[in-house]
Amino acid sequence: SKMGDVTNKTDVALVLSQGSGAGGIFTFNAPYCQVDPFEAPDTANDIAIVDLTLRTTGSGTTPAFNISLT
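Residues numbered from 1 in each chain as written. Predicted model: local features only at pLDDT ≥ 70, side-chain atom pairs only at ≥ 80, totals over all residues. Heavy atoms only, no water.

1. Looking at the pattern of salt bridges
Threshold: A carboxyl oxygen of Asp or Glu within 4 Å of a side-chain nitrogen of Lys or Arg is what we treat as a salt bridge. The helix and strand labels rest on DSSP assignments: H or I over at least four residues marks a helix, E over at least two residues marks a strand, and numbering proceeds from the N terminus. With a 1.4 Å probe rolled over the protein chains alone, any residue whose accessible area is under 20% of its type maximum counts as buried; one over 50% counts as exposed, and the rest are partly exposed.
Tallied over the entire structure, the rule returns one salt bridge. With a closest N to O distance of 2.7 Å, Asp 36 and Arg 55 form a salt bridge. Highlighted residues: Asp 36 in the loop between strand S2 (26-35) and strand S3 (54-56) and Arg 55 in strand S3, separated in sequence by 19 residues. Take Arg 55: its relative accessible area is 51%, and that puts it in the exposed class.

And the structure:
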């Protein structure tokens, strides 16, 4: 679960892509992130929406994040 990743400070990857068609796609890639602790509301087995804060760390020669425009 993602709560376990937060508690254990496990590295997770984040990729956001937006757009369509050649020349119109924006991709944000952060391969090494840690999720900051957050409160999960008690929703009685329903959908919950939470705001997440991520810390990008990078690793060795791998940058913290990169952006591609394609």
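2. Thoughts on the pairing of S2
For clarity, the threshold we go by: Whether two strands pair comes down to DSSP finding at least two bridges between them.
Pairing analysis gives six bridges linking strand S1 (residues 12-18) to S2, with the strands arranged antiparallel. Bridge assignment links Val 12 to a residue of S2, and that residue is Cys 33. Relative to strand S4 (residues 66-69), S2 runs antiparallel, the two being bridged by four bridges. Bridge pairing in S4 links Thr 27 to Ser 68. For S2 and S3, the ladder comprises three bridges, and the chain directions are antiparallel. Note on S3: the bridge partner recorded for Val 35 is Leu 54.

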